[in-house]
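Fold and contact review
These are the residues of each chain, in order.
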Amino acid sequence: MTTKNTWALSFYQKQFEWLDSNLEDKMKDDIERQVDGVKEQIGRPFETMLEIGAGWGILARGLSKRGVKMTTLELVPELVAFAKSRSPKTIEIHQGDFYTYELQEQFDVVGYFDGFGIGTDEDQLFLLERIASWMKEDGCALIDIYQPTHWQRAAGQEMKFERACRRYEFDEANSRMLDTWWPIDKPAEAVTQSLRCYTIVEITDLCKLAGLQITGIFPGGMMDYNDWVYHSLASLSDCLAYRIKVKKA
Ligand SMILES: C[S@@+](CC[C@H](N)C(=O)[O-])C[C@H]1O[C@@H](n2cnc3c(N)ncnc32)[C@H](O)[C@@H]1O
């Protein structure tokens, strides 16, 4: 499996091009809250962490500032260059495809925050197996899982940023959220990400097949599309995504 034939590279390249690169400065308090959340969810002291699909490297920098020895793996070269330009040398930053990239080390914690569900169920199973292989025997992983009922309700919602527009759809037959972005006034240049959403039962079964056991489930936030307010904590049936904590079974 490689991502060569999927939408992932071009989608995340375009998203980076169209988003405000000062986002990190605007998110300072939120990043601190996210770091607190990760530490609390892990629930014990840990030294090393691998973050895959690390994007701009924002959370990795936050965790590194709090003394965690961070390693990141990210597909998009432009995002990796951006992360390198902002990160201390103590963060080991790798550019590559998480389906194929070889990492020699094992980690206390592996994280995949926002983005799980790119391929087929078989692809996701393969990735879970790789995550298990990167975990130390007593290690754990935290993975954000898109929650189907939120995305069913979000279908049809549109929003506008400074340089781009965005629209959500939901593919009921395959339980996938579809997230389309296009530059303002240029709908022909649209790119779409399609992420498989899993119920807790479905993800529990997939984890079992990968030799992983879920030991914690943490609901994330939700968007209320009636008044366009984001609530940072929501129920498991309302949240955009929930985070699972897994260990080797
Ligand atoms: C939704 S973004 C989340 C970024 C970051 N974790 C965050 O929470 O802001 C998903 C990220 O995963 C990366 N990604 C997608 N497929 C990948 C792959 N096969 N290997 C490595 N990274 C990948 C994307 O380029 C993108 O930066």
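Attention here is on the structure that accompanies the text. (Residues numbered from 1 in each chain as written. Predicted model: local features only at pLDDT ≥ 70, side-chain atom pairs only at ≥ 80, totals over all residues. Heavy atoms only, no water.)

For the rest of this paragraph, the subject is the site of the ligand. Around the ligand there are 17 residues in total, and Gly53, Glu74, Asp97, Phe98 and Phe113 lie nearest to it. At 2.8 Å, a backbone N or O of glycine 53 approaches a nitrogen atom of the ligand. Here an oxygen atom of the ligand and a side-chain polar atom of glutamate 74 are 2.5 Å apart. Coverage of the ligand by the protein amounts to 86% of the 590 Å² it exposes when considered alone. Of the residues in the shell around the ligand, the class split is nine nonpolar, four polar and four charged. (Near = heavy atom within 4 Å. Polar contact = N/O pair within 3.5 Å; in protein donor to acceptor, adjacent residues only side chain to side chain. Areas by Shrake-Rupley, 256 points an atom, 1.4 Å probe, with all protein chains shown as cover. Nonpolar A, V, L, I, M, F, W, Y, C, P; charged D, E, K, R; others polar.)

So, on to the pairing of strand β7 (residues 164–171). Here strand β6 (residues 158–160) pairs with β7 via three bridges, running antiparallel. Directly across from lysine 160, in β7, lies its bridge partner cysteine 165. Hairpin connection, β6 to β7: the antiparallel pair is bridged by three residues. Relative to strand β8 (residues 176–183), β7 runs antiparallel, the two being bridged by eight bridges. Bridge pairing links alanine 164 to proline 183 in β8. A loop of four residues connects β7 with β8, the two strands running antiparallel in sequence, and serine 175 in this loop sits at a positive phi of about 50°. (Pairing = 2+ DSSP bridges. Helix = DSSP H or I, 4+ residues; strand = E, 2+ residues; numbered from the N terminus.)

Moving on, we get to unusual backbone geometry. Unusually for a residue other than glycine, serine 175 sits at a positive phi of about 50°. Along the polypeptide, serine 175 turns up in the loop between β7 and β8. Despite not being glycine, tryptophan 228 has its phi angle at roughly 55°, a positive value. Secondary-structure assignment places tryptophan 228 in the loop between β11 (222–224) and β12 (229–231).

Looking now at the packing of aromatic side chains. Enumeration over the complete set of coordinates arrives at 15 aromatic pairs. With a centroid separation of 5.5 Å and 70° between ring planes, the pair formed by phenylalanine 16 and phenylalanine 82 is classed as edge-to-face. Of this pair, phenylalanine 16 sits in helix α1 (residues 8–18) while phenylalanine 82 sits in helix α5 (residues 77–86), and the two are 66 residues apart along the sequence. Each member of the pair phenylalanine 16 and phenylalanine 82 is classed as buried. One aromatic cluster is present, formed by Phe98, Tyr99, Tyr112, Phe116 and Tyr198 through successive ring pairs. (Phe/Tyr/Trp six-rings, centres within 6.5 Å; stacked < 30°, edge-to-face > 60°. Buried < 20%, exposed > 50% of the residue type's maximum accessible area, 1.4 Å probe, protein only.)

What follows is about the packing of helix α3 (residues 28–42) against helix α4 (residues 58–65). Contact geometry for α3 and α4: axes closest at 9 Å, N-to-C directions at 70°. Accordingly, the angle class assigned to the pair α3 and α4 is roughly perpendicular. Handedness of the α3/α4 crossing: right-handed. Contacts from Ile31, Gln34, Val35 and Val38 of α3 reach α4 at Ile58, Leu59, Gly62 and Leu63. (Axes fitted to C-alpha atoms, helices over the stretch in contact; angles between N-to-C directions. Parallel < 35°, antiparallel > 145°, perpendicular 65-115°, else oblique. Left-handed = near helix turned anticlockwise from the far one by under 90°. Contact = heavy atoms within 4.5 Å.)

Below, the discussion takes up the sheet that holds strand β13 (residues 241–248). The strand order across the open sheet built from seven strands is β3-β2-β1-β4-β5-β13-β10, with neighbouring strands paired in mixed fashion. Every interior strand has two partners, whereas the edge strands, β3 (92–95) and β10 (212–219), have only one. On average, each strand axis in the sheet is inclined to that of its neighbour by 20°, with strand direction left out of account. The pairing of strand β1 (residues 48–52) with strand β4 (residues 107–112) spans three bridges and is classified as parallel. Bridging from a neighbouring strand, glutamate 51 pairs with glycine 111 of β4. Helix α6 (residues 121–134) contacts β1, β4, β5 (135–146), β10 and β13 of the sheet and is inclined by roughly 145° relative to β5.

Further remarks concern α4. In terms of burial, α4 is largely enclosed, as seven of its eight residues are buried. Where α4 is concerned, the buried positions are Ile58, Leu59, Ala60, Arg61, Gly62, Leu63 and Ser64. On its buried face, α4 is in contact with α2 (23–26), α3, β1, β2 (69–74) and α5. Looking one or two residues past α4, glycine 67 carries a phi angle of roughly 95°, positive in sign.

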